[in-house]
Amino acid sequence: MRDATEPSPVAAQLARMPQVVEVLLAAHVPDARSRCRGCGLPGTGSAHLAWPCSLWLVADTARRLLATRH
Ligand SMILES: [Zn+2]
(Lines give C-alpha, C1' and ligand atoms only; values in the text may rest on other atoms or scores of the structure.)
Protein backbone atom coordinates (compact mmCIF):
# COMPACT_ATOMS: atom_id res chain seq x y z
CA MET A 1 0.00 0.00 0.00
CA ARG A 2 1.10 3.51 -0.78
CA ASP A 3 1.53 6.07 1.99
CA ALA A 4 -1.92 7.53 2.63
CA THR A 5 -0.49 11.03 2.98
CA GLU A 6 0.76 10.97 -0.59
CA PRO A 7 -1.93 11.36 -3.27
CA SER A 8 -2.06 8.31 -5.52
CA PRO A 9 -1.69 8.72 -9.29
CA VAL A 10 -5.32 7.68 -9.58
CA ALA A 11 -6.41 10.51 -7.28
CA ALA A 12 -4.26 13.00 -9.18
CA GLN A 13 -5.86 11.84 -12.42
CA LEU A 14 -9.36 12.06 -10.93
CA ALA A 15 -8.66 15.60 -9.76
CA ARG A 16 -8.72 16.56 -13.43
CA MET A 17 -12.27 15.27 -13.70
CA PRO A 18 -14.38 17.11 -11.10
CA GLN A 19 -17.65 15.69 -12.44
CA VAL A 20 -16.43 12.12 -11.99
CA VAL A 21 -15.33 12.95 -8.44
CA GLU A 22 -18.81 14.29 -7.68
CA VAL A 23 -20.50 11.18 -9.09
CA LEU A 24 -18.24 8.88 -7.09
CA LEU A 25 -18.75 10.78 -3.85
CA ALA A 26 -22.51 10.82 -4.43
CA ALA A 27 -22.72 7.08 -5.18
CA HIS A 28 -20.34 5.76 -2.54
CA VAL A 29 -22.10 6.75 0.65
CA PRO A 30 -22.57 4.67 3.82
CA ASP A 31 -25.88 3.04 4.65
CA ALA A 32 -27.19 2.65 8.22
CA ARG A 33 -24.71 -0.16 8.89
CA SER A 34 -21.66 1.68 7.48
CA ARG A 35 -21.62 -0.37 4.30
CA CYS A 36 -20.95 1.32 0.99
CA ARG A 37 -24.10 1.70 -1.12
CA GLY A 38 -22.04 2.12 -4.26
CA CYS A 39 -20.00 -1.06 -3.90
CA GLY A 40 -22.74 -3.57 -3.19
CA LEU A 41 -24.45 -5.69 -5.80
CA PRO A 42 -28.20 -5.19 -5.30
CA GLY A 43 -30.26 -8.34 -5.72
CA THR A 44 -27.37 -10.78 -5.42
CA GLY A 45 -27.34 -10.93 -1.64
CA SER A 46 -23.62 -10.22 -1.61
CA ALA A 47 -22.35 -8.21 1.31
CA HIS A 48 -21.56 -4.59 0.68
CA LEU A 49 -18.04 -3.41 1.34
CA ALA A 50 -17.37 -1.54 4.54
CA TRP A 51 -17.46 2.23 4.11
CA PRO A 52 -15.31 4.20 3.42
CA CYS A 53 -14.42 2.01 0.45
CA SER A 54 -11.28 2.52 -1.63
CA LEU A 55 -13.18 4.28 -4.42
CA TRP A 56 -14.59 6.81 -1.97
CA LEU A 57 -11.14 7.35 -0.43
CA VAL A 58 -9.61 8.00 -3.84
CA ALA A 59 -12.43 10.37 -4.77
CA ASP A 60 -12.08 12.14 -1.43
CA THR A 61 -8.35 12.60 -2.03
CA ALA A 62 -9.09 13.98 -5.49
CA ARG A 63 -11.65 16.38 -3.98
CA ARG A 64 -9.00 17.66 -1.56
CA LEU A 65 -6.54 18.07 -4.44
CA LEU A 66 -9.17 20.11 -6.29
CA ALA A 67 -9.81 22.25 -3.21
CA THR A 68 -6.13 23.14 -2.83
CA ARG A 69 -6.06 24.51 -6.36
CA HIS A 70 -8.64 27.20 -5.71
ZN1 LIG B 1 -17.89 2.20 -2.63
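To keep things clear, this report deals only with the structure shown in the data block. (Residues numbered from 1 in each chain as written. Predicted model: local features only at pLDDT ≥ 70, side-chain atom pairs only at ≥ 80, totals over all residues. Heavy atoms only, no water.)

**Considerations on the coordination of the zinc ion**
Stage number 1. Those protein atoms acting as donors to the zinc ion are His28 (ND1), Cys36 (SG), Cys39 (SG) and Cys53 (SG), and they sit at 2.0 to 2.3 Å.
Stage number 2. One way to put it: the four donor atoms around the zinc ion meet at angles of 102 to 115 degrees, and that makes the site tetrahedral.
Stage number 3. Going along the chain, you hit the donors of the zinc ion in the pattern H-x7-C-x2-C-x13-C. An identical accessibility class is assigned to His28 and Cys36; each is buried. (Donors = N, O, S within 2.8 Å, 3.2 Å for Na, K, Ca; no water. Tetrahedral: all angles 85-135°; square planar, octahedral: opposite > 155°, others 65-115°. Buried < 20%, exposed > 50% of the residue type's maximum accessible area, 1.4 Å probe, protein only.)

**Here we look at helix α3 (residues 54–69)**
In an α-helix, one full turn covers 3.6 residues, which means residues spaced three or four apart are oriented alike.
Stage number 1. Across its 16 residues, α3 extends 23 Å between first and last C-alpha, which sits within 8% of the 22 Å expected from 1.5 Å per residue.
Stage number 2. Those residues of α3 that sit buried are Trp56, Val58, Ala59, Asp60, Thr61, Ala62 and Leu66. (Helix = DSSP H or I, 4+ residues; strand = E, 2+ residues; numbered from the N terminus. Expected span 1.5 Å × (residues − 1).)

**Structural notes on the nonpolar core**
Stage number 1. By size, the foremost hydrophobic cluster in this structure holds twelve residues: Leu14, Ala15, Val21, Leu24, Leu25, Cys36, Cys53, Trp56, Val58, Ala59, Ala62 and Leu66.
Stage number 2. Of all elements in the fold, only α2 (18–27) and α3 reach the threshold of two or more residues within this core.
Stage number 3. If sequence neighbours within four positions are ignored, Ala62 has contacts with Ala11, Leu14, Ala15 and Val21. (Core = buried A, V, L, I, M, F, W, Y, C linked by side-chain atoms within 4.5 Å. Contact = heavy atoms within 4.5 Å.)

**Here's the deal with α2**
Stage number 1. Along α2, the residues that are buried comprise Val21, Leu24 and Leu25. Mapping the buried residues of α2 onto a view down its axis gives an arc of 95 degrees, with all of them on the same face. Opposite the packed face of α2, turned more than 90 degrees from it, sit the exposed residues Gln19, Val23 and Ala26.
Stage number 2. Of the surrounding secondary structure, the elements contacted by the buried residues of α2 are α1 (9–14) and α3. (Arc of directions from axis to C-beta.)

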